[in-house]
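What follows is each chain in one-letter form.
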Amino acid sequence: MILFKIFLIYFSVASVLTFITYVVDKVKAVNGAWRVPEKVLLGLSLLGGAVGGYLAMQIARHKTKHWYFHVLNFVGIVWQVGLLVYLALNPAII
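Residues numbered from 1 in each chain as written. Predicted model: local features only at pLDDT ≥ 70, side-chain atom pairs only at ≥ 80, totals over all residues. Heavy atoms only, no water.

This part covers the pattern of salt bridges. Under the defined criterion, the tally for this structure stands at two salt bridges. A salt bridge links Arg 35 to Asp 25; the nearest nitrogen and oxygen atoms lie 3.0 Å apart. Taken together, the residues span a long stretch of sequence, with Arg 35 in the loop between helix H1 (2–31) and helix H2 (38–59) and Asp 25 in helix H1 at a distance of 10 residues. Under the relative-accessibility criterion, Arg 35 is labelled partly exposed at 33%. For Asp 25, a relative accessible area of 0% gives the class buried. Between Lys 63 and Glu 38 there is a salt bridge, with the nearest N and O atoms lying 3.0 Å from each other. Of this pair, Lys 63 sits in the loop between H2 and helix H3 (67–89) while Glu 38 sits in helix H2, and the two are 25 residues apart along the sequence. (Salt bridge = Lys/Arg side-chain N within 4 Å of Asp/Glu carboxyl O. Helix = DSSP H or I, 4+ residues; strand = E, 2+ residues; numbered from the N terminus. Buried < 20%, exposed > 50% of the residue type's maximum accessible area, 1.4 Å probe, protein only.)

Any functional reading would require information that these geometric values do not contain.
So, in structure tokens, the structure goes:
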């Protein structure tokens with residue numbers, strides 16, 4: 001169960017950081033400033049921040065026209081939730 005808690009905390013922190021990064025990029029886009037590279041945004045989503053990335057897309061209306069952001073955030077959410085469900089159902093795993 002400790003592994004479940006560790007991953008839950010990791011995914012939560014990663015999602016908050018990803019959300020902030022997407023919003024910062026949106027603000028920079030509006031102001032015409034230097035932008036966060038798309039591969040950084042996608043990487044953050046895939047490495048645990050998919051929920052934050054998806055929420056930022058919906059709330060800040062950022063990167064919504066790019067199909068690959070939708071797909072990657074969806075895939076990220078599926079594997080992250082899947083891992084948490086697996087760990088929750090198998091408490092013997094350390």
